[in-house]
Amino acid sequence: MSPTRPTRVAAPRRIFGENISQRLDPVPARFRVLVTRRPKYACRQCEEGVVHAPAPARLNGIDAQAWFADVLTKLVAGHPITKLDELLPQVYVRQTEPAVT
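Residues numbered from 1 in each chain as written. Predicted model: local features only at pLDDT ≥ 70, side-chain atom pairs only at ≥ 80, totals over all residues. Heavy atoms only, no water.

Visitor: So, the environment of Arg-13: which residues are in play, and what are the values?
Guide: Mapped onto the elements of the fold, Arg-13 is located in the segment before β1 (14–27). Sequence separation between Arg-13 and Gln-45 is 32 residues, and the spatial gap between their C-alpha atoms is 9.0 Å. (Helix = DSSP H or I, 4+ residues; strand = E, 2+ residues; numbered from the N terminus.)

Visitor: Break down the pattern of salt bridges for me, with residues and values.
Guide: Applying the stated criterion across every chain yields a total of two salt bridges. A salt bridge links Arg-37 to Glu-18; the shortest N-O distance between them is 2.9 Å. Here the residue Arg-37 occupies a position in strand β2 (residues 30–42), and Glu-18 occupies one in strand β1, the gap between them amounting to 19 residues. Overall, Arg-37 belongs to the exposed group, its relative accessible area being 53%. Across the salt bridge formed by Lys-74 and Asp-70, the nearest N and O atoms sit 3.6 Å from each other. Taken together, the positions of Lys-74 and Asp-70, both in helix α1 (residues 64–76) and four residues apart, correspond to about one turn of that helix. (Salt bridge = Lys/Arg side-chain N within 4 Å of Asp/Glu carboxyl O. Buried < 20%, exposed > 50% of the residue type's maximum accessible area, 1.4 Å probe, protein only.)

Visitor: How would you explain a nonpolar patch on the surface if you had to name every residue and give the values?
Guide: Taken together, the side chains of Phe-68, Leu-72, Leu-75, Ile-81 and Leu-84 present a nonpolar region at the surface, about 460 Å² in accessible area. Relative to the assigned elements, Leu-84 resides in the segment after α1. Of the residues examined, Leu-84 reaches a relative accessible area of 37% and is grouped as partly exposed. (Patch = residues over 30% accessible without salt bridge, like charges linked within 9 Å, V, L, I, M, F, W, Y side chains within 5 Å. Areas by Shrake-Rupley, 256 points an atom, 1.4 Å probe, with all protein chains shown as cover.)

Visitor: Outline α1, supporting the account with residue identities and numerical values.
Guide: With 13 residues, α1 extends 18 Å between its outermost C-alpha atoms, agreeing within 8% with the 18 Å of an ideal straight helix rising 1.5 Å per residue. Within the span of α1, buried status applies to Ala-64, Trp-67, Asp-70 and Val-71. All buried residues of α1 lie within an arc of 135° about the axis, which places them on one face of the element. Residues of α1 that are exposed and point more than 90 degrees away from the buried face comprise Gln-65 and Val-76. Backbone geometry just after α1 places Gly-78 at a positive phi near 105°. (Expected span 1.5 Å × (residues − 1). Arc of directions from axis to C-beta.)

Here it is as structure tokens:
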């Protein structure tokens, strides 16, 4: 993310730190720690003071980028068009290992 200029002052903001948050990503039989780094921008001449970069989007507790990549992979691999409702974030279940039959 690039620093944005305030509406009234033309001085650029400078990064002086960042907030780091962690959350558990439940995967069957294990957890992964996902680290999100959000830079903090500051400008001495700006009315806003310190501004944080926006947090990445999450859909229904699912990482949006991982969901989108998995859905695209399934579609390219031939997922039936008649079963697209299975890929919606509301009912999405990420398959980490192929199903054994």
